[in-house]
Amino acid sequence: MRPSFSNDHGGTFVLIEPNDGADPFFIGARPVTQVEWSSVMGENPSRFQDGWSAGLRPVERVSWLDCQEFINRLNEAETGERLGLVGRWRLPTETEWVFACLAGSNSRWHHSDRDADLDDVAWHAGNSGATTREVGQKQPNEWGLYDMHGNVAEWTDTLDGAKRVTKGGSWLMESESTTALAKGRRDVDSRSDGLGLRLVWAPL
């Protein structure tokens, strides 16, 4: 088991230790859910709110700017140590996201190179039923991270020109758009029902 911790809003965060000498960080085992977002922000912007388990679906229709407000509130409210460390919440960089996603593999998806195997780990255009799904239902990667492919694409802090990079693809995308190296580029104020976030907690 990799070291991990849980926060006050139901998230679990797993230690990732880059092999390039970069600083270690903790990344969310799952995308931020609607209930996690609502508990911090007091409202839920998501399109897919129907059903008793909707709170466990990933939050979506959040812009990069919305994510920064969410993160700022987390950092203001949570100032204590975790595992003896002081740190701050933020979004992952594209490099961090890819490293965490692949979990030591070098395949198109963290578990396989075969399109036929995608259903094992991802909700995508071919199996989602045109909606997001509750997080954590598919197989995790080797480091215990769920929904790295599909369900909702995830904002990163990486700039590509004037846009921010998104990773992972979503419930409405075909298989190639959900691979570990595929990426989107979105304006910081862009919102979509296929776009959410995964948190990083980084020791200072």
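In what follows, the structure referred to is the one given above.
Residues numbered from 1 in each chain as written. Predicted model: local features only at pLDDT ≥ 70, side-chain atom pairs only at ≥ 80, totals over all residues. Heavy atoms only, no water.

Colleague: How do you make sense of the sheet that holds strand β9 (residues 200–203) when you look at a structure like this?
Modeller: Within a sheet, adjacent strands bond to each other through the backbone by hydrogen bonds, running parallel or antiparallel. One open sheet accounts for 5 strands, arranged β1-β2-β3-β9-β4; its pairing is antiparallel. Edge positions in the sheet fall to β1 (4–6) and β4 (87–90), since each has one partner strand and no second. This sheet shows a mean twist of 25° between the axes of neighbouring strands, independent of strand direction. With 4 bridges joining them, strand β2 (residues 12–16) and strand β3 (residues 25–28) adopt antiparallel strand pairing. Paired with valine 14 across the strands is isoleucine 27, a residue of β3. (Pairing = 2+ DSSP bridges. Helix = DSSP H or I, 4+ residues; strand = E, 2+ residues; numbered from the N terminus. Axes fitted to C-alpha atoms, helices over the stretch in contact; angles between N-to-C directions.)

Colleague: Where do I start with the pairing of β3 in this structure?
Modeller: When a strand is regular, its side chains alternate between the sheet's two faces. One ladder, built from 2 bridges, connects β3 with β9; its direction is antiparallel. Counted as the bridge partner of isoleucine 27 is valine 200 from β9.

Colleague: Which parts of the structure should I look at to understand the sheet that holds strand β6 (residues 163–167)?
Modeller: What the 4 strands build is an open sheet, ordered β7-β6-β5-β8; its pairing is mixed. Each having just a single partner strand, β7 (183–186) and β8 (195–196) make up the two edges of the open sheet. Sheet contacts for helix α3 (residues 94–102): β5 (153–160), β6 and β7; angle to β6, the most-contacted strand, approximately 5°. (Contact = heavy atoms within 4.5 Å.)

Colleague: For this particular structure, what's the right way to read the pairing of β6?
Modeller: With 4 of its 5 residues buried, β6 lies for the most part within the structure. Pairing analysis gives 4 bridges linking β5 to β6, with the strands arranged antiparallel. Looking at β6, one finds that glutamate 154 is bridged to lysine 167. Summarising the sheet, β6 and β7 pair through 4 bridges and their orientation is antiparallel. Paired with arginine 164 across the bridge in β7 is arginine 186. (Buried < 20%, exposed > 50% of the residue type's maximum accessible area, 1.4 Å probe, protein only.)

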